[in-house]
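Working through the structure, step by step
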Amino acid sequence: MFSGWVDYRSPFGDVSGGPPSVLDKFPPDTGRQIALAVVDSITAPRDGASSQPQILASEDDVDWAMNVIAFGLRLPLEHEETIRKCVLLYQDWLNVFLSTSTSAPMCVRTKPEVYARRIVDQFEGIFTLRNDSDGNKTLVHIRLTMFVLGIIQRLAFTAPLSQTTWNTILHSLVRICDRLLAPPCGLYGTLAERIGQSLIEALYHVWIKACQSHFPAPALWKTLQEAVLTWRHQRPVVDQWTQVCEVLTRGVVRHLYGPSHGSDVVLKAVYEDGLAVHPQVALPPDALVQCWYRFLLILGNPVELSRPKVIGKMPAFLQAAIESGDPEQLTQHTCLQRLPTIFLLAQRGVANLVDLFLELSVQPGQLARDNSTDEDDVQASTATSPTCAHSDSILRMTASAHPTSFLPASLFSAASGQSAGARPALPKRSTLLHLFGEWLFQASLPSPDDLRHLSRLISSSGQHVARHDDSGAPLAAFEAGRAEALACLCRVFCSSCCDEQFLPVYLARFYYVLQQGLLYIPSYHRGDVISNLLMYSSEIFCSDLAGAYCLMPGYLSALDLVLPHWQVPFSCNVNMNGLRRSSTLILMSLLCVPLHFNDLAVSDFSQASGGTDPSEAMHRSAMQTDSLVSPVTQTGTVRFVDMRGQVINLLFLALRCEKNPAIVQMLLGSVMVMVQDAAAVEEVTRKENLESSFTAGPAQRDFNSTGSSDSSRLGPGALQQPVAFHAAAMCMRACRDITQRFLRFEPGNNNVHVIMSVLELMSGLACLNLPGVDGSEWRYIVRWLCDFINTLVCQPPRAHSRDLHSMIVAAYHCLLSWTTCNHRLLFEQEPLRAVLDVCELGLTGSKSVSKSRDDEEPTKNLRGEKEFRPVSRRGLEAAEMVLYAILEHLGAFPPPMGPGSVSSMLDEAALLSAAKQSQVKNIQPFRYYAADSTTLLGVLPCPVQSGSDLPTLTVILRGPSGRHTWTMQLRQVSRHAQAELAQQLAAVPRPEPHMDPAPEIAPPRQPWPDVVKTMPVTEADASIPSLQDTLNSETEAMHLRVQELVDKQSKLELGFVEDLPNNKHNTKPQEMKPPSIRQSFQTARLLMSHLGLVTPESLMSSLGKNCDRTDSFALMDSERSSFQTQLQNLDAVPTRHTDTVYVFYVRPGQSSVHDILLNKNLLGPPKPEFAEFLNALGWPVNLGSHPGFKGTASPLHAPTAAGQAPMPYFADNNTEVLFVVPSLQKSIADVVARRQEQSSATDGANPASSASGKGEGVEASSAETGVTSSASTSSISASLPISSLHRAAAGTPIAWQLDVSIAIVWLERFEDWASFPVSDIGELTTPLQCSSQQPVHVVFVHPLSTGLYRIKRVACPPLGVTAGPLLSDMVISRRSLGSLVRQTVINMAKRRRILSDNYSPPHALRKRRVEELCKGHVVKHSVPDFYSDLFRTQTAAQ
C-alpha cells in the first residue's frame, strides 16, 4: 500500500530543521559563544593564505567544524554577520566543483559530493522559523534564504553530481518547502509568503535539471506528489506548476511536431548574485515526456481546489486547528478564501496546455501575465462556469484521481514514422479528453455542496437564503475557474476535425455541462459562466458535432440576454465586443436551422435524466422569465420550426441596438440570408401547391434563377408560420429598420463599410421580387434612397471626403437595383420625378427645382442656364449609370438575344456580309458621323436584304451604353398594311373621258380695261421714271442680261403658237399623271433631317454665330487605318461590370495546385452536390458561341481556347460574372503533368522547395508568399494553351478589370482551408495584363453532415473589405447556397470598385474612348462644306 511512498520529513527527528549539533546540549548562550568563536577562527585567516588548512587538517576536524557551523546557521537573526559568514564559508567550499576554491580543506576537495550533501542538509537551518517579530529581522531572514537558494541552484545547474547527491538535494528542497508552505498562510508570519515563489521555483527547476542528469526514482516522484498535495493552498505552488507544465509542454510539442512548433525547455534560475538567467535544459526525449507527464500529475486533481473542505483536511490544517483549539479552522481559515483565485490559476494552466496541443497558441509570457491578476479582480469579475446540476450517472469517471495512470500512446504516436519535412497530424481531440477530460468536466460543474445549496434556494419559494456555502465562500466565487474549464472544453470540441469522431460519452458530457452552463437565473448566478460559454463556443453549430442542435433552445435563451441589450444584465470579465461578436456568430449559424429541420422535435435533457435533476426546476424557472421563449406544442415538445420566430426577433432586436460596425455588418448579412432562405422556401411551397392542383410541363429555366431547391419536401410547420415571419414581411421590416437607423448621414458618425453593407442588403432585397409586398413600401424605399443621396451630395465642402463619395456611388448603385428590378415604380410620377431629380443632382451638382425647407417656395433654375458643377467625377459617373439604365434597360431586360449581351451582336462586317449574300445592288461603305463627341453613328445607306423598295437605312450607334444596330425605313403605310404596300406604291391611271371635247374658244386678250384709255394723263403718271432713265454703268449689264432672257422666252412662246395650227387634229386634252416611283433615295440625309441633326442651327449651336465650323455633328474620316483599330478597341470595352470567379474542388487532404486541378480529370467526378452548386451559380454557357463576357485571360483560363466545357454564367443589367472551373478544362491534365515533371526535377536539386506554396500563404505576408509562388506557377503559365498571350512587364492592367482575384473553393474537409495554396492560386488567377500578383479573396464552402453548408472567407493579404451577405462561420441551407454565394462574390467585387478612386465604370470608359476616336478622326468641315459633302456623296451613290 505504501510501497511507492518515501517519507520526506526530517530524518533527524528535529522539526526545527537541519541535523542536530552537540552545541544544542549546552545552554543557548554557551553554544552561541562557541559557534561565534569557531566561525570567526575559521574565517579570520581567509585573507592570509595558509593557516586554515592547518586548522582543519583531517576529516574529524572538518566534521567537528561542520557540527559547529550547523549550529551557527540556526542562530538568532541578530547574529546576522555570523550566519552570513557560515553561509559564505560553505559557498567557498562548494566552489571546489568549479575548481575556484583554494581555501577548502583537503578532504572537502577530495570528496566534494560527500560534503556537499552534508552542506545542503545543514542549509535547512537557514530556513528555520525564528520567533523574532521585528520586521527588519524578517527582511534579514529573507535575504539569507534567497542567498542560500541561489547557492543550491548554482550547485545543481553547474556541478556534475551523482544520483545520491541529487536525491539529497531534492529531499532537502522538499523538506524546506514543506516546512514553509504546508502550514496555513500567515501562521508563521510573512517568510513563506515572501519567498514562496522563489522557493517553489527553485524546487521545480532543480527537479527538472535532475531529470536531465539522473532521472528521479518513482518513489521520489511519489514523495514530491504527496508533498505538493499539502501545499496547494499556496498560490505560488499552483502558479509555478502552471508555468513549468507550459514550458515542458512546449518542449513535448517541439519533440512531437518538429522545430516549427513549440520551443526548447528554458527555465529561469536566479543565482546568488541576483542576476536572472535562462538556462536551457536539454532533456532527452524519453526523459522529457516522462518529466512532463509526472509534473502534470503532481498537483493531483485541480478540481479539489474548488472544495475548501478537502483542502481543510490536510495535516497542517489539522495541526493548526488542534493548536488553536478552533475546529472551524478546518473549513473557515482565512487562507481558504484564496482558493477561488488559485482554482482559476490551475484551470487556466490546464487550458493553456490544451491550447498548446490544439495549436491555439498561448504566446510565451502570456500565462505569467494572466496569472498576475489580483485576487480582488478575479473575484469581482471572472470568466466562465456553470452553476447547475450535477449528475453522477452522466458524468461518472472511470479513471482515478488523476486523468490516467498511463501515458496515452496515441498522443505520442505522431512522432514515429514521420519523414523529414512532413507535418505530423495533430493529436486527436478524444486523446486530449482522455488526458485532461476528467479535470475539465468536473471543473465545469459546481460541487455537490453548491448544488445542494442551490436546491435549498429553489425550494425556499422566495425566502431569503444566504448565497454562501458552509465554508463561508460565495457560491459564485469559483465561477471564474469553472468558466475557464468550460471555455477550454468549448475550444476542444469546436476545433474538431471533420474526420474525427468524439466518443459518445464525451459528447454527452459536453452537451450536459453546456446545457447547465446556459442557464442563468439572476438570483443564483453571477453571469461568468454564460459569458465565457458564449465567448468560446461560437463555432459549436458549424463544427458538425453530432446532436449539437439539441442545445439550440438553451443557446437562444442565452443570446436573449446579450444581443437585444447593449449592456448585458450580468457581470463578466470578457471583452464586451468579443462577447457580442461571438453571440452574433452563434446566431448566424442558426439562421437556416429552423426551416431546415422543420417539424423535427428537439431533444430535452431533463427527460434524459429522468426528471430528478434539480436543474430541471431551474430550467423551468429561467424559461418563465424569458422574453423570447420558444413556443411549445401541446405535447410539451419543442420543434425546430417553432424557434424560428425567436431567431428572427433576436436578429432584428440585435440590429437595432448594436453599435460595433463589424458586428452590424454581420447582422446585415444575416438579415439577407434569413429573407433569402424564407423566400426560397415559399417559392418551393408555391410550386408544390401549383403542382398539386394541376399537372404542368417542365418550365423553362429563367435566367435569374436563384438556384436549386431542397429536394426534401417541407413539412406543415413551414406553411403555418405567422405572416410576420414570411419573406415579404421580413423584407419590409428590414427595409424600415435599416433606413430609419442607418440611412441618416451624421458627419463623423457614419462608417462607410456599414453604409455600404446596408445598401448591399437593400440591393439584394430589391432583386428578390417577393410577392405580396405593398407598392407603397417600395415607393417609400425609393424616396428614402433619393433623400439620402440628396443629403450626401448637399453636404458642405469641408464634409466631403473619399468615404463620402464612396457612399454616394454606393447609394446610386442601390437606387439602380431598385429601379431596374422594380421598374413599375417609375410608371408613377412621384418616384420617377424623385429618381430623375437625384440623377440631375449628380450630373450637374444642383436641381432645376429645389427648396431648402419644406415651407419655402421651390426655386426654379432652367436647365440651360445652370452651371455644370458635379459633386465629383465618381458621383457624375454613377448618376450617368442610373440614367442610362433607366433610358435603355428599364423594363427591357433581358433583351431578345438573351441576358448574355445588352449590345447588338451585329457589326459592320456582319451587315455587309448579309447584304452581299442577299445580292443587294449598289452596296455602299459605312460612313461615320459623331454627334456631340459622345455618340458615333455608322450609316449604311442601303438595305441589308434585297426586295425592299422602301427607303432603308441601317445605323450602328456606338455610345457609352453600348453598340446598337437599327434598321429604319420610310413608310407610307403602317406595318400592318404590308400586303397593300405594292398597290399603294403603283401609279393609278385616271378614268377615260366619255364626252366630246368642248369647242375651242379664243377669248380676246386685253391687258388693261377700256376705261384706262379714256383717263387723262397727269403728272403723277410721270413720277415713276422709265427703265431706260434708271440705267447706269453698273445696272446696264444686268438689264441687258434680263432683256436677253425675255427675248429668248418670247421666241419660245411664239414658236409654240406658230405650231398650233399644225396640231388641230389632236383635240384630246393632255392627261396629268403623277411622277414615277423613285428607286433611289438620300436615306442618310433623310434620317439626319428627321432627327434635326443637319440644320444650320444645330450644326453651329455649340460654336456661336461668328464661327462656321461644325462640331456638334461632324463627319469622321473612316479611311485612316487607325480608325478601324480604335473602333475594334471601343467594341472590346464591356458595357457592364465584368468579373471572373474561379471555382475549385478540394478533396480531403489536398493542399497542392496539382492535386486540386486534377480532381475532375484523374480522380473521378466530384460529388453530385458540387455539380448542383455549379448549376445554382448560373446557367451553363459554351464560350465558343457565348455572346457575352468570356472571362479574363489568366494562366488558368483562356477565353478563346477550344474544347472547353460549359461554364456557369450569370448576368443582370449591370453585372456579368463567369465562373471558371479550371478542372473542367481538358488541357489542364497535360499542363499539370508537365509541371509535375518540372517540379520533380527542381525538387531533386532543392528538396526544400517541395514544401513551398502550402497553407502558409494564408497567414504569410505578400512579400513572403510571392517568392514561393513564382517558381511554382511559371511552368504552368508557360505551358497553358494561351502562349500567345504574355503577362505585361510594365504592369498595365485593363482599366475595367478588377484589381483582386476571387475564388470559390468547395471543401470536402473543412480544416483543409488552412492548407489551401492561396498564394499559388492567386498567381494563377491574376490576369495576364498584370505584372504583379493581385490580392485574393477566397470563399470556402463546406458541406456539413446535416445537409447545411458552412462558409469561411479568407483574404490574402487581408484587405479589410467585408462585403456580404455571406461571412465566415455562417451556416446556410442548400436552397439558397448558389444564389447567396453568387451575390457575395458580386458584392465583393462591387465593394472593391466603389472604394477605389481609380476605377471607372464601363460607360465612362466607353465615353472616353468615343471622345478620343472623334477627336482624332473628325473631318474639319465648315457648314457649307459639310452640306456639299453630304449631298455630293448621296448623289454619287444614286
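No experiment lies behind these values; they were computed from the predicted model shown.

Let us now look at the overall build of the chain. Summing up its helical and strand segments, the chain has 55 helices and 17 strands in all. The 1438 residues of the chain split such that 52% are buried. Expressed as a percentage of contacts within the chain between residues at least 6 apart in sequence, the contacts between residues at least 24 apart total 76%. As displayed, the chain has an accessible area near 65900 Å², and 53% of this comes from carbon and sulfur atoms.

Look at helix α3 (residues 59–73) against helix α6 (residues 112–122): their axes get within 10 Å of each other, and the N-to-C directions meet at 20°. The angle between α3 and α6 places the two elements in the roughly parallel class. Regarding α3 and α6, the two cross each other, and that crossing is right-handed. Note on element contacts: α6 touches α3 through Tyr115, Arg118, Ile119 and Gln122, opposite Glu59, Val62, Asp63, Met66, Ile69, Ala70 and Leu73. Residues of the contact of α3 with α6, tallied by class, amount to 7 nonpolar, 1 polar and 3 charged.

A few words now on the state of the cysteines. All told, the structure shown has 0 disulfides when counted by the stated rule. Cys211 supplies the cysteine sulfur nearest to Cys291, a cysteine that is in no disulfide, at a spacing of 3.7 Å.

The subject of this paragraph is the sheet that holds strand β6 (residues 935–940). Within the open sheet, the 5 strands sit side by side as β8-β7-β6-β5-β9. Their pairing is antiparallel. The sheet is open, and its two borders are formed by β8 (962–969) and β9 (1113–1115), each paired with just one other strand. Geometrically, the sheet is characterised by an average inter-axis angle of 25° between neighbouring strands, direction not taken into account. In this structure, strand β5 (residues 927–931) lies alongside β6, joined through 5 bridges in antiparallel fashion.

Our focus in this paragraph is the packing of aromatic side chains. Within the structure shown, the criterion is met by 35 aromatic pairs. Here the aromatic rings of Trp292 and Tyr293 are separated by 6.3 Å at their centres, their planes lie at 50°, and the arrangement is tilted. Clustering of aromatic rings is evident, with ring pairs tying together Tyr204, Trp207, Phe215, Trp221 and Phe295. The residue whose ring lies beneath Arg1350 is Phe1310, and the NZ or CZ to ring-centre distance is 3.8 Å. The ring of Trp1313 has Lys1352 sitting right over it, with the charged end atom 4.6 Å from the ring centre.

As a further point, take helix α25 (residues 528–536). Burial of α25 is extensive: 7 of the 9 residues sit out of reach of the surface. Within α25, burial applies to Asp528, Val529, Ile530, Ser531, Asn532, Leu533 and Leu534. Considering only its buried residues, α25 is in contact with α23 (479–494), α24 (504–517), α26 (552–559) and α27 (576–588).

Moving on to the pattern of salt bridges. When the charged atoms of two side chains with opposite charge come close together, those side chains can pair. One pass over the structure, following the stated rule, counts 38 salt bridges. A salt bridge links Asp121 to Arg175; the nearest nitrogen and oxygen atoms lie 3.3 Å apart. Here Asp121 is found in helix α6, whereas its partner Arg175 is found in helix α8 (residues 163–181), with 54 residues between them in sequence. Accessibility classification places Asp121 together with Arg175 in one group, the buried group. Each member of the salt-bridge network shares a partner with another, and the members are Asp121, Glu124, Arg175 and Arg179.

With respect to topology, 8 strands assemble into an open sheet ordered β11-β12-β13-β10-β14-β15-β16-β17, the strand pairing being mixed. If you trace the sheet from one side to the other, it starts and ends with β11 (1179–1181) and β17 (1370–1372), each paired once. Each strand of the sheet is rotated relative to its neighbour by a mean of 30°, with strand direction disregarded. Bridge count for strand β16 (residues 1349–1356) against β17 is 3 bridges, and the pairing is antiparallel. The residue bridging Tyr1349 from the neighbouring strand is Ile1372, located in β17.

Counted at 1.5 Å a residue, the expected span for α3 with its 15 residues is 21 Å, and the 21 Å between its end C-alpha atoms agrees. Residues of α3 that are buried: Val62, Ala65, Met66, Val68, Ile69, Ala70, Phe71, Gly72 and Leu73.

On to the side chain of Thr165, then. Note on placement: Thr165 falls in helix α8. Aside from chain neighbours lying at most four places away, what touches Thr165 is Glu113 and Arg117.

On to unusual backbone geometry, then. Residue Pro1365 is reached from Gly1364 by a cis peptide bond, and omega for that bond is 10°. Examined against the element boundaries, Pro1365 turns out to sit in the loop between β16 and β17. Here the phi dihedral of Asn598 falls at roughly 55°; this positive angle occurs in a residue that is not glycine. With a relative accessible area of 5%, Asn598 lands in the buried category.

Glancing now at a nonpolar patch on the surface. Among the surface-exposed residues, Trp1008, Val1011, Val1012 and Met1015 lie close enough to one another that they form a single nonpolar patch of about 450 Å² accessible area. Along the chain, Trp1008 falls in the loop between α40 (981–985) and α41 (1011–1014).

Two elements in contact, helix α11 (residues 235–257) and helix α12 (residues 285–297), have axes separated by 9 Å at closest approach and are oriented at 145°. Where α11 crosses over α12, the handedness of that crossing is left-handed. Here α11 contributes Trp241, Val244, Cys245, Leu248, Thr249, Gly251, Val252 and His255 to the contact with α12, which in turn contributes Pro285, Leu288, Val289, Cys291, Trp292, Phe295 and Leu296. Of the residues assigned to the contact of α11 with α12, the class counts are 12 nonpolar, 3 polar and no charged.

About the thresholds
- Each residue is numbered by its place in its chain's sequence as written, counting from 1.
- The predicted origin of the model limits local features to residues at a pLDDT of at least 70 and limits the giving and counting of side-chain atom pairs to 80 or more, whereas totals for whole chains, interfaces and linings rest on all residues.
- For side-chain calculations, the full set of non-hydrogen atoms in the structure is used, while hydrogens and water are omitted.
- The helix count covers DSSP runs of H or I at least four residues long, the strand count covers runs of E at least two residues long, and both are numbered beginning at the N terminus.
- Burial classes: relative accessible area under 20% of the type maximum marks a residue as buried, over 50% as exposed, and values in between as partly exposed (1.4 Å probe, protein chains only).
- Note on contacts: a residue pair qualifies if any of its non-hydrogen atoms lie within 4.5 Å across the two residues.
- The Shrake-Rupley method, run with a 1.4 Å probe sphere, supplies the accessible areas, and residue values consider only the shown protein chains as cover.
- Fitting a line to C-alpha atoms yields each axis, with helices limited to the stretch in contact; the angle taken between N-to-C directions then spans 0 to 180 degrees.
- If an angle is under 35 degrees, it is roughly parallel; if it is over 145, roughly antiparallel; if it lies from 65 to 115, roughly perpendicular; otherwise it is oblique.
- Helix crossings fall into two classes, left-handed where the near helix is turned counterclockwise from the far one by less than a right angle and right-handed where it is turned clockwise.
- In this classification, the charged set is Asp, Glu, Lys and Arg, the nonpolar set is Ala, Val, Leu, Ile, Met, Phe, Trp, Tyr, Cys and Pro, and all remaining amino acids, among them Gly, are polar.
- Cysteine sulfur atoms are paired as a disulfide whenever they fall within 2.5 Å.
- When DSSP finds at least two bridges between two strands, those strands are taken to pair.
- Only Phe, Tyr and Trp rings take part, Trp by its six-membered ring, and two of them pair if their centres are within 6.5 Å. Stacked means planes under 30 degrees apart, edge-to-face means over 60, and tilted covers everything else.
- Only when the NZ of Lys or the CZ of Arg is both within 6 Å of the ring centre and within 35 degrees of the ring normal is a charge said to sit over the ring.
- Any carboxyl oxygen of Asp or Glu within 4 Å of a side-chain nitrogen of Lys or Arg constitutes a salt bridge here.
- To estimate the expected span of a helix, subtract one from its residue number and multiply by 1.5 Å.
- Candidates for patches are residues over 30% relative accessible area with no salt bridge; among them, like charges are joined within 9 Å and nonpolar side chains (Val, Leu, Ile, Met, Phe, Trp, Tyr) within 5 Å.

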